[in-house]
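Given next are the chains, with one letter for each unit.
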Amino acid sequence: MTREDSTSRAELELGDLQRLLLRLIAAPAGVADALAREPALAPHGLDAIIRGDERMTAAERLEIYANAYFYRLLDVLKEDYPLTLAALGDDNFHNLITDYLLEFPPTEPSIHFAGRSLAQFLLVHPLGAARPWLAELATFERATLEALHAADAAALDAAAMRAIPVGAWPSVAMRLAPAARVLEFAWRIDELAGANPQVTLPHPPRRSPLAMLLWRRAGEVLFRPLELLESAALVLAGRPQGARFEEICERIADHWTDPAAAPAAIDRMLARWLNDGLMVRADR
Amino acid sequence: MKRAEFPFLGYGVGLRRPHYDYIVGARPAMDWFEIVSENFMVAGGPALKTLARVRENYPVVMHGVSLSIGSADPLNRAYLRDLGNLARRVNPAWISDHLCWTGVAGRNLHDLIPLPFTAAVAAHVADRIRTVQDVLGRRMAIENVSSYMSYAASSMAEWEFVATVADAADCAILLDINNIFVNAFNHRFDPHVYIDAIPSERIVQFHLAGHSDFGAYLLDSHDHPIRPEVWRLFAYAVGRFGEVSTLIEWDDRIPPFATLAAAADEARSRAHAALAYRARGSAAESPR
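Remember, it's a predicted structure, so these values are computed and weren't measured experimentally.

(A) Quick peek at helix α6 (residues 177-187) of chain B. All names here are of chain B. Most of α6 is tucked away, with nine of its 11 residues classed as buried. Turning to α6, its buried residues number three or more, namely Ile-177, Asn-178, Asn-179, Ile-180, Phe-181, Val-182, Asn-183, Ala-184 and Asn-186. Arg-188 occupies a position one or two residues after α6 and carries a positive phi of about 60°.

Next comes the structure, spelled out in structure tokens:
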């Protein structure tokens, strides 16, 4: 037998063992319950695989890993979704995560990704159905986390714009910085976004369309509601290819009831975008 | 293996979020820091900025938790690429991960699950460590894990498995003293036998941490001060291996930085005392 033969056989046996343990550790109702669904383990059961002794049975030893699996992920998701947790309360959140991990078990090496589908899951979960705004609140919390860890980029600032000849401004292509994004909600999530997650949230938000800008400045993620006009412009700049400045101006002018006032509005918006570091060059 | 690839760094602590601002702002005296690699495998933002600032002033070691070197799944090449990218950014003193598996079938348990101690599994793991070292272009250190279960299929002791893998992979060993103590209780062996059996030339780092006593088993919880029994085992290990880069791990209920720094100082004092004891021609301080 060659070493390769030996290794691949070991991988096969190791794979069978690891897949079995994965099923037992990740089972929502505990190891004993999961063992009942593993008829192939009879007649010696788990004891043929894991050593037990008079202190702890094999199942009790494996249960340590099962508990660690669930509670480690629960703790991380509590940290990632403090407002969703506050809205649901501990017991409901615990039940939600139990169900969530069955549908969306972690697949990435970094635990940072474990909660990335929670908002999507809330759309179909009874706890989300009873609180139709909750998926949007979770979307906000996830977006905050992603903005925090988004790529750094050299933002356009006023000095950089001043260095460009005014005649060339219309063709300057810009797009939202990687850490900035526009979120569109059906509920006034901004009413909850600044709440203290240490207490139960005071009330559900109002049902009213909301465009919210989320961005990072000096290592902190900030947000503010957007007027329709600014939202339309930033959505255009939020495309992967960005937009030329003249396209952004046209979009704003299209929405402006008084065309004569549009230039001043554009000027104010651009100054704010540059000050907040929202834009990067898209043509370089 | 050339020891020069793993210089002696002194006595360090883990770089943890509650201390970021203090470390960057106050630049406290500390020999070195260890990071959890995955916490910094992000595109950008304040964590990477903090790390860059810390790296300007201290040596840094990258310690991973998700390499899953013992998995039956193929090595995760995207993870290795990201790990390599972080290493190029950080220029760490070295890179380490755990002798275990963390996931299979495309799933991740985010826990350090022990392996069966067999020759075939040792060969499987050693092949994969060699591949990782080739990809990273550097030798890595592999850490013994704490465990709460052992396999009926194991045909060798844990210390034999660790030594076999390290020899076959030609990699370094990060020896976690607390994990040895925890496993000695959980699986009923003499921790000194473990330490005596590990090849001295491969030891490049010690980990020290606190554990929790649940009566029937000890849990490697990293949320307590280091227990006196573990300090004694540390002294025994220093007597056997000499002075080795040592790190205090504290990951939950994280205390003020001063508490961690005091633990690092205590490790230094105890190591020097153990070395002085050895130099006087006696066996190292024994916990027995």
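Back to the text.
(B) Summary view of the packing of helix α4 (residues 119-136) of chain B against helix α5 (residues 158-169) of chain B. All names here are of chain B. In the contact formed by α4 and α5, the axes pass within 8 Å of each other and the chain directions differ by 40°. By the angle between their directions, the pair α4 and α5 is classed as oblique. As for the relative orientation of α4 and α5, their crossing is right-handed in sense. Packed against α4, whose contacting residues are Val-121, Ala-122, Val-125, Ala-126, Ile-129, Arg-130 and Gln-133, the element α5 presents Phe-161, Thr-164, Val-165, Ala-168 and Ala-169 at the interface. The class makeup of the residues in the contact of α4 with α5 is nine nonpolar, two polar and one charged.

(C) Molecular detail of the pattern of salt bridges. All names here are of chain A. One pass over the structure, following the stated rule, counts 31 salt bridges over all chains. Arg-216 is paired through a salt bridge with Asp-152; the nearest N and O atoms lie 2.7 Å apart. Here the residue Arg-216 occupies a position in strand β3 (residues 207-217), and Asp-152 occupies one in the loop between α8 (134-149) and α9 (158-162), the gap between them amounting to 64 residues. Under the relative-accessibility criterion, Arg-216 is labelled buried at 16%. Using a relative accessible area of 36% as the deciding quantity, one classes Asp-152 as partly exposed. Note that Glu-246 is salt-bridged to Arg-244, the shortest N-O span being 3.0 Å.

(D) Main features of the domain arrangement of chain A. All names here are of chain A. When its domains are assigned, chain A resolves into domain 1 (1-79) and domain 2 (81-281). Note on domain 1 versus domain 2: buried area summed over both sides is about 1,200 Å², and carbon and sulfur give 80% of it. On the domain 1 side of the interface with domain 2, the three residues burying the most area are Phe-70, Leu-77 and Lys-78, jointly 48% of the side's total. Inspection of the region where domain 1 meets domain 2 yields one salt bridge. In this structure, Lys-78 and Asp-90 form a salt bridge, with 3.9 Å as the shortest nitrogen-oxygen distance. At the boundary of domain 1 and domain 2, one finds one residue pair in polar contact (both at pLDDT 80 or more). Here the side of domain 1 that touches domain 2 is composed, by residue class, of eight nonpolar, no polar and three charged.

Cut-offs and rules
- Residues numbered from 1 in each chain as written.
- Chains lettered and ligands numbered in written order.
- Predicted model: local features only at pLDDT ≥ 70, side-chain atom pairs only at ≥ 80, totals over all residues.
- Heavy atoms only, no water.
- Buried < 20%, exposed > 50% of the residue type's maximum accessible area, 1.4 Å probe, protein only.
- Helix = DSSP H or I, 4+ residues; strand = E, 2+ residues; numbered from the N terminus.
- Axes fitted to C-alpha atoms, helices over the stretch in contact; angles between N-to-C directions.
- Parallel < 35°, antiparallel > 145°, perpendicular 65-115°, else oblique.
- Left-handed = near helix turned anticlockwise from the far one by under 90°.
- Contact = heavy atoms within 4.5 Å.
- Nonpolar A, V, L, I, M, F, W, Y, C, P; charged D, E, K, R; others polar.
- Salt bridge = Lys/Arg side-chain N within 4 Å of Asp/Glu carboxyl O.
- Domains from an automatic or database assignment.
- Buried area = accessible area lost by both parts, 1.4 Å probe.
- Polar contact = N/O pair within 3.5 Å; in protein donor to acceptor, adjacent residues only side chain to side chain.

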